[in-house]
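Take a look at the letters that make up each chain.
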Amino acid sequence: MLRVGVLVSGGGTNLQAIFDGIDNGVIRGARVEVVISNNAGAYALERAKAHGVDALCISPKEYESRDLFHQALLARLDEYKLDLIVLAGFLVTIPAEMIRRYPNRIINIHPSLLPSFCGVGYYGLKVHEGALRRGVKVTGATVHFVDEGVDSGPILLQKAVEVKPGDTPKLLQQRVMEEAEWVILPKAIDMIANGEILLG
Ligand code: GAR
């Protein structure tokens, strides 16, 4: 059984897609051991509790320095002896030490077709604002391994989504989630759990 930890910051619809994937057999051989948020008010924590999964908040606000926050986060993750860490809308920069400790064992979902609309400042709705501003006709989502850069690690899965006339950032965000993110994130976890994507 692949031991998975999920890091979240907000609503947690991607977390929900993981839970649903495990429940309906789209994800085989994986279990979510813990969900950690940097934000105590994240609805994702409620989703985890409703699923009987440990739901923890580790907020940088509670630590005197970024370094102490990072140490606390790493210590917690290590306790759960995880095989895979999934960033599902986790909007905090990952400490370099964590990437060294979990090489090719951290994956992220990004709401565009990398390498478009990524890097510093491109997260959440801002990604879709950028896509609409540029006038692309196709966007999508990407699952990739996390390395020390921003959105720069090896790409695992991508799925394209059509941009439609009259789209707003929110409409586009919803379509990208429904048609791409909630499909490829569970699929990537299943492929990892079943040896179809090899971990480092
Ligand atoms: C998702 O769209 C995810 O792709 C994005 O944040 C949203 C979280 O939604 N992540 C990034 O932008 C990372 N750069 P959720 O909490 O409902 O899953």
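Check the entry above for the structure.
1. Considerations on the side chain of Asp167
Step number 1: Residue placement: Asp167 occurs in the loop between β7 (155-162) and α6 (169-193).
Step number 2: In this structure the side chain of Asp167 is engaged in a polar contact, spanning 2.8 Å, whose partner is the backbone nitrogen of Lys164.
Step number 3: The contacts of Asp167, once residues within four sequence positions are left out, are Leu132, Glu162, Leu172 and Arg175.

2. With respect to the site of the ligand
Step number 1: Surveying the vicinity of the ligand reveals 14 residues, the closest of which are Gly12, Thr13, Asn14, Gly124 and Glu181.
Step number 2: Note that an oxygen atom of the ligand is positioned 2.6 Å from one of the side-chain N or O atoms of Thr13.
Step number 3: One of the side-chain nitrogen or oxygen atoms of Glu181 is found 2.7 Å away from an oxygen atom of the ligand.
Step number 4: Here the shell around the ligand is built from residues that sort into 5 nonpolar, 8 polar and 1 charged.

3. A word on the packing of aromatic side chains
Step number 1: Following the criterion strictly, the structure yields 2 aromatic pairs and no others.
Step number 2: Ring geometry for Tyr63 and Phe69: centres 6.3 Å apart, planes at 50°, overall tilted.
Step number 3: On the basis of relative accessible area, Tyr63 is assigned to the partly exposed category, the value being 30%.
Step number 4: A relative accessible area of 0% places Phe69 in the buried class.

Thresholds, definitions, all that
Residues numbered from 1 in each chain as written. Predicted model: local features only at pLDDT ≥ 70, side-chain atom pairs only at ≥ 80, totals over all residues. Heavy atoms only, no water. Helix = DSSP H or I, 4+ residues; strand = E, 2+ residues; numbered from the N terminus. Polar contact = N/O pair within 3.5 Å; in protein donor to acceptor, adjacent residues only side chain to side chain. Contact = heavy atoms within 4.5 Å. Near = heavy atom within 4 Å. Nonpolar A, V, L, I, M, F, W, Y, C, P; charged D, E, K, R; others polar. Phe/Tyr/Trp six-rings, centres within 6.5 Å; stacked < 30°, edge-to-face > 60°. Buried < 20%, exposed > 50% of the residue type's maximum accessible area, 1.4 Å probe, protein only.

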